[in-house]
Every structure is written in structure tokens, then in C-alpha cells.
Amino acid sequence: MSLVVLVTLPPERAHDMARTLVAEHLAGCVNILPGIQSVYRWQGDVAEDPESMLLIKTSGEKYPELEARIKSLHPYEVPEIIALQYDRALPEFQSWLRDALNP
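The structure presented is a predicted model; accordingly, all values stated were derived computationally and were not measured. Within any chain, residue numbers begin from 1 and follow the written order of that chain's sequence. pLDDT decides what is reported in this predicted model: residues at 70 or higher carry local features, side-chain atom pairs at 80 or more are listed and counted, and totals for whole chains, interfaces and linings draw on all residues regardless. Think of the side-chain values as coming from all heavy atoms in the structure, minus any hydrogens and water.

> Describe in detail the overall build of the protein, supporting the description with residues and values.
Think of it this way: any DSSP run of H or I at least four residues long counts as a helix, any run of E at least two long counts as a strand, and we number them from the N terminus. Within the protein, the regular secondary structure consists of 3 helices and 4 strands. Written out in order from the N terminus, the α and β elements of the protein read β-α-β-β-α-β-α. Based on C-alpha atoms, the radius of gyration is set beside the globule rule, defined as 2.2 Å times the residue count to the power 0.38. In terms of C-alpha radius of gyration, the protein reaches 14 Å, essentially the compact-globule figure of 13 Å for 103 residues. Principal-axis analysis of the C-alpha atoms places the extent of the protein at approximately 45 × 25 × 25 Å. It only takes one pair of heavy atoms within 4.5 Å for two residues to be counted as in contact. Sequence separation of 24 or more characterises 70% of the internal contacts of the protein that already satisfy a separation of 6 or more. On the protein, roughly 6,400 Å² of surface is accessible, and the fraction owed to carbon and sulfur atoms is 53%. His residues and chain termini do not enter the charge count, which takes Lys and Arg as positive and Asp and Glu as negative. Lys charges are placed at NZ, Arg charges at CZ, Asp charges at CG and Glu charges at CD. Across the protein, 9 positive and 15 negative side-chain charges occur, with their mean positions spaced 5 Å apart. The Shrake-Rupley method, run with a 1.4 Å probe, gives the accessible areas here. Residue values count only the displayed protein chains as cover.

> A description of unusual backbone geometry should follow, citing residues and the corresponding values.
Phi is positive for H25, which is not a glycine, with a value near 60°. Among the structural elements, H25 can be located in the loop between α1 (11-23) and β2 (29-42).

> Would you mind going over the side chain of T58 in detail, with residue names and values included?
Structurally, T58 is set in strand β3 (residues 45-59). Residue T58 is classed as buried on the basis of its relative accessible area of 0%. Among the polar contacts made by the side chain of T58, one reaches the main-chain carbonyl oxygen of L26 at a distance of 2.7 Å. Setting aside its immediate chain neighbours within four residues, T58 contacts S2, L3, V5, L26, A27, L66, L97 and L101. Any residue under 20% of the maximum accessible area for its type is buried, any over 50% is exposed, and the rest in between are partly exposed; the area is computed with a 1.4 Å probe on protein chains only. Two N or O atoms form a polar contact when they lie within 3.5 Å of each other; inside protein one atom must be a possible hydrogen donor and the other a possible acceptor, and for residues adjacent in sequence the pair counts only when both atoms belong to side chains.

See the structure below:
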């Protein structure tokens, strides 16, 4: 099973987290989407913050370790971590991703 995992975080933390996840073979690739403006409810108030979004490509097998690592690195009390399963992708990409996730 292949996954795209969405994570939002402060822009200044995005690059370091992306590099760490790839270096540790928890992600084959991480795209950083800058310039996100998030509006959300937190502790009864409406809050608004600039963020970046990470699009993390990984496997279902790696997900538990990936989730734990994101939580350990993430500055938020409750980080947004959303995993989306996909069943169709270019076969060559799928092969590359499997190779990239192996140490």
C-alpha cells in the first residue's frame, strides 16, 4: 500500500523535517508547499497562522514509524497528520519509492 501523508507546520520547520524524513528512509520524497494560510479552531478560539504543507510519499509499512517521527519533531501539541492511500501510480514511480524507502 502506498500513501501520501499531509502535514502542516510552521514554514521555518518544513525543510528540516523534510530532509530528516527522507534521510531516515521514512519517506521517498517530500514536497514542501509554502504559503499556506491556515484558519482553525483551537481551544475555543478561531486562530490563523502561516504554514507550509508537506506532501510525503511513503508506504503503509513505514507509516507507524513515520507518524511517530513526525510527532517527535513537530512543534504542535496536536499536529495535522493525514494519510491518504492511493492504488494507482506510474509503476516506475512505485518501484522507485520502494527502493528509496529501503536503507
